[in-house]
Amino acid sequence: MTKKKTRYKIIGGIIFIIMTILIVSGICYFKFRSVYEIQSLVFETPKSKLDENYKFNGELITPRDGKKTHPVVIISHGYNSSMDNCEDVAKAYAKAGYSAVIFDFVGGSRNSSTQVHSSNMTTFTEIKDYEIVLDYVKKSDAFDKDNIFLSGQSFGGLVATVVAEKHQQDINAVVLFYPAYNMVENSAKVLEKGPAKKKKGTVDGSVTTNGDLYLWDGLLVSEKYLNELNSLDIVEIIKNIRNDVIIIQGDKDDDVTIESTKSFLPNFQSVKMVTIEGGEHGFSDNYLVQAEKAAIEFLDSHIKK
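In this text, all values refer to a predicted model and were calculated from it rather than measured experimentally.

> Which residues make up the sheet that holds strand E4 (residues 99-103), and what are the values?
Ordered in space as E1-E2-E4-E3-E5-E6-E9-E10, the eight strands form an open sheet in which the pairing is mixed. Looking along the sheet, the strands with just one partner apiece sit at the ends: strand E1 (36-44) and strand E10 (271-276). In this sheet, neighbouring strand axes are inclined to one another by 20 degrees on average, regardless of whether the strands run parallel or antiparallel. Along the sheet, helix H4 (residues 155-166) makes contact with strand E3 (70-76), strand E5 (143-153) and strand E6 (173-177), crossing E5 at roughly 140 degrees.

Listed below in structure tokens is the structure:
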């Protein structure tokens, strides 16, 4: 074999190896790359004479499909929880073609990224937090304004219900996981037991301007929080909602019992309930997969073309 032929053979071999590497790399990239992307968000509450302004964190989880806009679901977490507990379902929505926005309520948890004491959180501050996120969605060019969905888990489901009733013209439908409507009645029982600590000298040294502090399910909440919640006419709010609603509920839920949830169903104008057999408060594993499937089917059936 001549030197020239040998050189061509070597060059051809190198080209073949490079092409093989490129092809394999391309296949691996498209096979294993994430089908969604996550962007950090920061929201801020307005400052007033009565209230300080606070920043609170969120995340935007978006399908990686090349589209400029997507239908969007806003998801709020439950009592003494955080947006981390909403991330799995948000990713499932993104895989199905929906953008999802999750966020931490200001002072809504001992583990909240806001670093604000729970005594500064009230029922109405959480409603305002949700409305701030909704306003961001309404103003952003990244979302399909005809397909905005509200969602919430547990107490976040109660908050989402209130926001849905206030902003019916802006949204399409509502997805609720075990909404804690029973907390309205339970708040009266907590008030009856009396405060755990006075507003000065609390367990962690904090001072609240919202009245005495009450210990409720591991979280110190203010008297104002309980009074606002106790005064909420959740039945009348539910009656006023014209949008379609789906409630996804486990039949083994001890915190929000299925009997409690069913008692509110007759008050909705349009509601569908999906029971997850064996599901508890906070879906995981196959129970979460079932809940995600039911939620996505509901969302798909309510897309406005």
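> Outline the nonpolar core, supporting the account with residue identities and numerical values.
Across soluble globular proteins, nonpolar side chains have a tendency to be buried as a group. Val101, Tyr130, Leu158, Trp216, Val221, Tyr225 and Ile234 are the most contacted members of the largest nonpolar core, which has 54 residues in total. Considering each element in turn, this core owes the most residues, seven residues, to H4. When neighbours within four sequence positions are excluded, Val101 is seen to be in contact with Leu41, Phe43, Glu59, Leu60, Val72, Val73, Ile74, Ile75, Val133, Tyr136, Val137 and Phe143. Judged by nonpolar contacts, the second largest core, of 30 residues, contains Ile61, Val89, Ala291 and Phe298.

> Give a detailed account of the environment of Ile237, specifying residues and quantitative values.
With respect to the helices and strands, the residue Ile237 is situated in helix H7 (residues 234-239). As a C-alpha pair, Ile237 and Thr161 span 76 residues in sequence and 7.8 Å in three-dimensional space. Ignoring sequence-local partners within four residues, the contact set of Ile237 consists of Thr161, Val162, Glu165 and Leu232.

> So what's going on with the packing of aromatic side chains? Residues and values would help.
Scanning all chains against the criterion turns up 16 aromatic pairs. The interplanar angle of 55 degrees and the centroid separation of 6.1 Å between the aromatic rings of Phe177 and Tyr178 together place this pair among those described as tilted.

> Can you explain the pairing of E4? Please cite residues and give values.
Among the five residues that make up E4, five are buried, leaving the element largely enclosed by the rest of the structure. Of the two faces of E4, the one lined by Ser99, Val101 and Phe103 and the one lined by Ala100 and Ile102 are each fully buried. Both strand E2 (residues 55-63) and E4 contribute to a ladder of four bridges, which runs antiparallel. Considered in E4, the bridge of Leu60 is made with Val101. Regarding the hand of the β-α-β motif, the stretch spanning E3, helix H2 (residues 87-95) and E4 is right-handed.

> Describe a negative patch on the surface, and please don't skip the residues or the numbers.
A grouping of Asp217, Asp254, Asp255 and Glu280 is seen on the molecular surface, where their side chains present a negatively charged patch. Relative to the assigned elements, Asp217 resides in the loop between strand E7 (213-216) and strand E8 (219-222).

> Could you give an account of the pattern of salt bridges, naming the residues involved and the relevant values?
Within the structure shown, the criterion is met by five salt bridges. Between Glu297 and Lys293 there is a salt bridge, with the nearest N and O atoms lying 2.6 Å from each other. With Glu297 and Lys293 both in helix H9 (residues 285-301) and four residues apart, this pair spans about one turn of that helix. Judged by its relative accessible area of 46%, Glu297 is partly exposed.

> Could you give an account of the packing of helix H3 (residues 123-139) against H4, with specific residues and numbers?
Relative orientation of the contacting elements H3 and H4 amounts to 65 degrees, with a least axis distance of 9 Å. For the element pair H3 and H4, the recorded crossing hand is right-handed. When H3 is examined against H4, the residues Thr123, Glu126, Ile127, Tyr130, Glu131 and Leu134 are found in contact with a partner set consisting of Phe155, Val159, Ala160, Val162, Val163 and Lys166. Considered class by class, the residues forming the contact of H3 with H4 number eight nonpolar, one polar and three charged.

Parameters and conventions
Residues numbered from 1 in each chain as written. Predicted model: local features only at pLDDT ≥ 70, side-chain atom pairs only at ≥ 80, totals over all residues. Heavy atoms only, no water. Pairing = 2+ DSSP bridges. Helix = DSSP H or I, 4+ residues; strand = E, 2+ residues; numbered from the N terminus. Axes fitted to C-alpha atoms, helices over the stretch in contact; angles between N-to-C directions. Contact = heavy atoms within 4.5 Å. Core = buried A, V, L, I, M, F, W, Y, C linked by side-chain atoms within 4.5 Å. Buried < 20%, exposed > 50% of the residue type's maximum accessible area, 1.4 Å probe, protein only. Phe/Tyr/Trp six-rings, centres within 6.5 Å; stacked < 30°, edge-to-face > 60°. Right-handed = clockwise from strand over helix to strand, strands pointing away. Patch = residues over 30% accessible without salt bridge, like charges linked within 9 Å, V, L, I, M, F, W, Y side chains within 5 Å. Areas by Shrake-Rupley, 256 points an atom, 1.4 Å probe, with all protein chains shown as cover. Salt bridge = Lys/Arg side-chain N within 4 Å of Asp/Glu carboxyl O. Lys, Arg positive; Asp, Glu negative; His and termini not counted. Charge placed at Lys NZ, Arg CZ, Asp CG, Glu CD. Left-handed = near helix turned anticlockwise from the far one by under 90°. Nonpolar A, V, L, I, M, F, W, Y, C, P; charged D, E, K, R; others polar.

Structural measurements only, silent on function.
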